[in-house]
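Read off the chains here:
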Amino acid sequence: MKIGVLLKEVPDTESPIQIAQDGSSISFERVQWVINPYDEIALEEALRLREASGGEVLTVTVGPARAKDTLRKGLAMGADRAILVDTGGASLDPFNAARLLAKACETCGFDVIFAGKLATDDGWGQVHIGVAEIMGLPHVSPVERIEFDDGEAIATRAAEGGVKEIVRARLPAVIGCEKGLNEPRYVSLPGIMKARSKPIDVKDASERGEASAPTIVRSGLSEPPVRGGVRMIEGAPQTAADELARLLREVGAL
Amino acid sequence: MRILVIAEHDANGAKRHTRELLRKAASLDDCEVGAFAAGPVDESLAEELGRFGATKVYHAPSEGNSCRSSLAMAAPLRDAAAAWEAGLVLASATPFGQDLLARASMRLGAGMASDCTALWIDDGAVRVRRPVYGGTATEELLLGGCTSFAAVRPNAFEATECRARQPEVVEVEGETSDTGAVIERVEEAEPGMVDIGEATRIVAGGRAVGSAENFGLLGELAQSIGAALGASRAAVDEGYISHDHQVGQTGRVVAPSLYIACGISGSIQHVSGMRDSKVIVAINTDPEAPIFTRADYGIAGDLFEVVPALTRSFRKLLQE
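Since the structure is predicted, the reported quantities are computational estimates derived from the model, not experimental observations. (Residues numbered from 1 in each chain as written. Chains lettered and ligands numbered in written order. Predicted model: local features only at pLDDT ≥ 70, side-chain atom pairs only at ≥ 80, totals over all residues. Heavy atoms only, no water.)

### With respect to the interface of chain B and chain A
- Taken together, the contacts link 91 residues of chain B with 73 residues of chain A.
- Both faces combined, the contact of chain B with chain A buries some 7,000 Å², and carbon together with sulfur accounts for 53% of it.
- The interface formed by chain B and chain A contains 10 salt bridges.
- Salt-bridge contacts for Arg 107 of chain B lead to Glu 133 of chain A; the nearest nitrogen and oxygen are separated by 2.8 Å.
- Summed over the shared surface of chain B and chain A, the number is 46 residue pairs in polar contact (both at pLDDT 80 or more).
- With 10 residues, the single largest contributor to the side of chain B that touches chain A is helix H8 (residues 303–319) of chain B.
- Of the residues in the side of chain B that touches chain A, the class split is 37 nonpolar, 24 polar and 30 charged.
- As paired strands, strand E11 (residues 163–170) of chain A and strand E13 (residues 181–188) of chain B are joined by 7 bridges and run antiparallel to one another. Following the sheet pairing, Lys 164 of chain A is matched in E13 of chain B by Glu 187 of chain B. (Contact = heavy atoms within 4.5 Å. Buried area = accessible area lost by both parts, 1.4 Å probe. Salt bridge = Lys/Arg side-chain N within 4 Å of Asp/Glu carboxyl O. Polar contact = N/O pair within 3.5 Å; in protein donor to acceptor, adjacent residues only side chain to side chain. Helix = DSSP H or I, 4+ residues; strand = E, 2+ residues; numbered from the N terminus. Nonpolar A, V, L, I, M, F, W, Y, C, P; charged D, E, K, R; others polar. Pairing = 2+ DSSP bridges.)

### A word on the packing of helix H4 (residues 127–135) of chain A against helix H4 (residues 95–107) of chain B
- Packing of H4 of chain A against H4 of chain B leaves a shortest axis separation of 9 Å and a crossing angle of 50 degrees. The angle between H4 of chain A and H4 of chain B falls in the class oblique. The element H4 of chain A and its partner H4 of chain B pack so that their crossing is right-handed. The segment H4 of chain A lies against H4 of chain B, with Val 127, Ile 129, Gly 130, Ala 132 and Glu 133 of chain A engaging Asp 99, Ala 102, Arg 103, Met 106 and Arg 107 of chain B.
- Split by residue class, the contact of H4 of chain A with H4 of chain B holds 5 nonpolar, 1 polar and 4 charged. (Axes fitted to C-alpha atoms, helices over the stretch in contact; angles between N-to-C directions. Parallel < 35°, antiparallel > 145°, perpendicular 65-115°, else oblique. Left-handed = near helix turned anticlockwise from the far one by under 90°.)

### Notes on helix H2 (residues 43–51) of chain B
- Within H2 of chain B the residues assigned to the buried category are Leu 45, Ala 46, Glu 48, Leu 49 and Gly 50 of chain B.
- Taken from the residues just after H2 of chain B, Gly 53 of chain B is the one with a positive phi, measuring 130 degrees. (Buried < 20%, exposed > 50% of the residue type's maximum accessible area, 1.4 Å probe, protein only.)

### As for the pattern of salt bridges
- A full pass over the atoms with the stated rule returns 42 salt bridges over all chains.
- Across the pair Arg 103 of chain B and Glu 133 of chain A runs a salt bridge whose closest N-O atoms are separated by 2.7 Å. Of this pair, Arg 103 of chain B sits in helix H4 while Glu 133 of chain A sits in helix H4, placing the two residues on different chains. Of the two residues, Arg 103 of chain B and Glu 133 of chain A, neither departs from the other in class, the shared state being buried.
- A salt bridge links Asp 276 of chain B to Arg 153 of chain B; the nearest nitrogen and oxygen atoms lie 3.5 Å apart. Pair noted here: Asp 276 of chain B is in the loop between helix H7 (268–271) and strand E17 (279–284) and Arg 153 of chain B is in the loop between strand E11 (148–152) and strand E12 (168–171), with a separation of 123 residues, a long-range link.
- Residue Arg 153 of chain B is classed as buried on the basis of its relative accessible area, which comes to 4%.
- By sharing partners, the salt bridges in this structure join Glu 44, Arg 48, Glu 51 and Arg 185 of chain A into a single network.

### Section: the sheet that holds strand E14 (residues 216–222) of chain A
- One open sheet holds the 4 strands; their spatial order is E14(A)-E10(B)-E9(B)-E8(B), and the pairing between them is antiparallel. Every interior strand has two partners, whereas the edge strands, E14 of chain A together with strand E8 (118–122) of chain B, have only one. Adjacent strand axes in the sheet meet at a mean angle of 25 degrees, parallel and antiparallel pairs treated alike.
- Bridge count for strand E9 (residues 125–132) of chain B against strand E10 (residues 137–143) of chain B is 7 bridges, and the pairing is antiparallel. By the bridge assignment, Arg 127 of chain B is partnered in E10 of chain B with Leu 142 of chain B.

### Regarding the side chain of Ser 232 of chain B
- Relative to the elements of secondary structure, Ser 232 of chain B occurs in the loop between strand E15 (228–231) and helix H6 (233–237).
- What Ser 232 of chain B contacts, discounting residues up to four positions off in sequence, is Gly 205, Gly 206, Arg 207, Gln 246, Val 247, Ile 264 and His 270 of chain B.

### Thoughts on unusual backbone geometry
- The omega angle of the peptide bond from Ser 141 of chain A to Pro 142 of chain A is -5 degrees, so this bond is cis rather than trans.
- For the peptide bond that leads from Leu 171 of chain A to Pro 172 of chain A, omega is -5 degrees, which places it in the cis range.
- Turning to its location among the elements, Pro 172 of chain A is positioned in the loop between E11 and strand E12 (174–177).
- The phi torsion at Asp 30 of chain B lies on the positive side, around 55 degrees, for a residue other than glycine.
- Structurally, Asp 30 of chain B is set in the loop between helix H1 (16–27) and strand E4 (32–38).
- The exposure class assigned to Asp 30 of chain B is exposed, which follows from its relative accessible area of 71%.
- For Tyr 133 of chain B, which is not a glycine, the phi torsion comes out positive at approximately 50 degrees.
- Of note, Tyr 133 of chain B is situated in the loop between E9 and E10.
- Residue classification places Tyr 133 of chain B among the buried residues on the basis of a relative accessible area of 11%.

### Re the domain arrangement of chain A
- According to the domain assignment, chain A consists of domain 1 (2–204) and domain 2 (224–254).
- Distance between the C-alpha centres of domain 1 of chain A and domain 2 of chain A: 43 Å. (Domains from an automatic or database assignment.)

### With respect to the confidence of the model for chain B
- Looking at chain B as a whole, its pLDDT mean stands at 92, while 99% of the residues score no less than 70.
- This complex was scored by the predictor with a pTM of 0.92 and an ipTM of 0.93. (pLDDT = per-residue confidence, 0-100.)

### Some points on the nonpolar core
- In this structure, Val 57, Phe 114 and Ile 175 of chain A are the most contacted members of the largest nonpolar core, which totals 39 residues.
- Per-element accounting of this core gives the leading share, 7 residues, to helix H1 (residues 37–53) of chain A.
- In contact with Val 57 of chain A, other than residues within four places in its own chain, are Ile 3, Val 5, Leu 43, Ala 46, Leu 47, Arg 50, Ala 79, Asp 80 and Arg 81 of chain A.
- Judged by nonpolar contacts, the second largest core, of 38 residues, contains Leu 248 of chain A together with Ala 222, Tyr 240 and Ala 309 of chain B. (Core = buried A, V, L, I, M, F, W, Y, C linked by side-chain atoms within 4.5 Å.)

### Focus: the environment of Glu 133 of chain A
- Judged by relative accessible area, Glu 133 of chain A falls into the buried class, the value being 14%.
- Measuring from C-alpha to C-alpha, the distance between Glu 133 of chain A and Val 174 of chain A comes to 9.5 Å, with 41 residues separating the pair along the chain.
- The residues touching Glu 133 of chain A, leaving out its near neighbours within four places in the chain, are Arg 103, Met 106 and Arg 107 of chain B.

### Quick look at the packing of aromatic side chains
- Using the criterion set out here, one finds 4 aromatic pairs over all chains in the structure.
- A centroid spacing of 6.5 Å and a plane angle of 50 degrees characterise the contact between Phe 215 of chain B and Tyr 240 of chain B, whose relative ring orientation is tilted. A residue pair is termed long-range when its members are at least 10 positions apart, and Phe 215 of chain B in helix H5 (residues 215–224) and Tyr 240 of chain B in the loop between H6 and strand E16 (258–262) qualify at 25 residues.
- Geometry around Phe 28 of chain A places Arg 66 of chain A over its ring, the cationic atom sitting 5.9 Å from the centre. (Phe/Tyr/Trp six-rings, centres within 6.5 Å; stacked < 30°, edge-to-face > 60°. Lys NZ or Arg CZ within 6 Å of the ring centre and 35° of its normal.)

Below, the structure is given as structure tokens:
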């Protein structure tokens, strides 16, 4: 099987996020870059599928040249090859990101494409769905269980209120991966050694056709509002509980 | 501007987040609101959608589970948006709303602003606010294009009735071509579970809860005030409760009117998923726990003593 994985690098969720001088971007100076945690789950699922049915795992990324270091981590986890569509650092709206990814995937002949359900930086949760739409493929997302059976994927998707939908999708399809699908493996030392000689194919985004005008533009970035401070409630458990109930009623929360 | 709202509904009528969204859209200056519903719309549902602001209701015929499928509903939605000449299409940021809007907006070469917490129109342009970097920052976006698309988080707005005229109901055909994916069946994993994304009140537990059985204590507290049960990543990783309940960067981002954190220390990863809650209560044995810096009310105490006491207090209060 030819297995694709859409991989994005994001700031480590433990990294402090600082707003840059311009007021609409992030200062990346102290940021530690990692594979988007949901994409790691996608890659793990791809590796398991390769181990079960043979084939090749290719990761596809749209991003700056810097992302190569993160792609190496994916190769160290076990991916065979990586494609980086180099945007030269330009930020993309979700449609143009999907368009570039779809373009890079088109010639690969994937039987299935895994992706994270969203990236923890911009939280769009739609780029992989856009890739499916542009390539004319079905998608299922977010998926927390999946099996493959004779050219089809049987995927479990969480809907509202703890309801699970069991979806049968014809391959090729795009699968958006949710936490709980698997536990991504740790990178091994031999894995890191092997990754050094694995190929990363860098393509220039500008050669991938004209981008359409972005329909979503960031006009500002701010820190979330700070709360006024905590009111600690003292006393024995029942006394404190009664007082808390009274206060919550007073502010209309109960 | 003409706004089309994706209306979600069940046997009890329109979902609360749908009513909120209709009402919000109708309250914007110079806006006329239409609704799009997947599946059949009866008179009482149409009347309800009308009461919250819709002057026209489009609905798509469905077969089996196709009314739950973003793939099946993308074409009818696109056709409804074209018929209504919508400048803005809104969905609730729910698993269905966001999935459908992603498909439909990408089909129209645009993409959507997902998970918005605020929405307004300024000089004819649609602007939204939404959390990024897992809630550690908030971005403001300007939405362009002939049609803009935004998915808005439940609980962001009030749902008050505004008008009482029966809207016109129109069926849209859309293409009913083979979508390549079929929802074979639907399972209720935890019957009666209140979804944390929709809940107006959440009681959440962390690692200190200690076991799946002990989560029952929190369940009783939740039940006393009709709250959903949430959890930190640590509690989910320990296997105390399923991932459907996880609040935080790798779980759900929630903003209920009341959030009660029990035995949760308050890591960035958790706090960024609940910091927009209107009132936050923290219960923790450690008075230095970071969660107290994010809370409005705090009790420094053992959750195994405080939680049952609180259940009694809430029951008593709500009986009065």
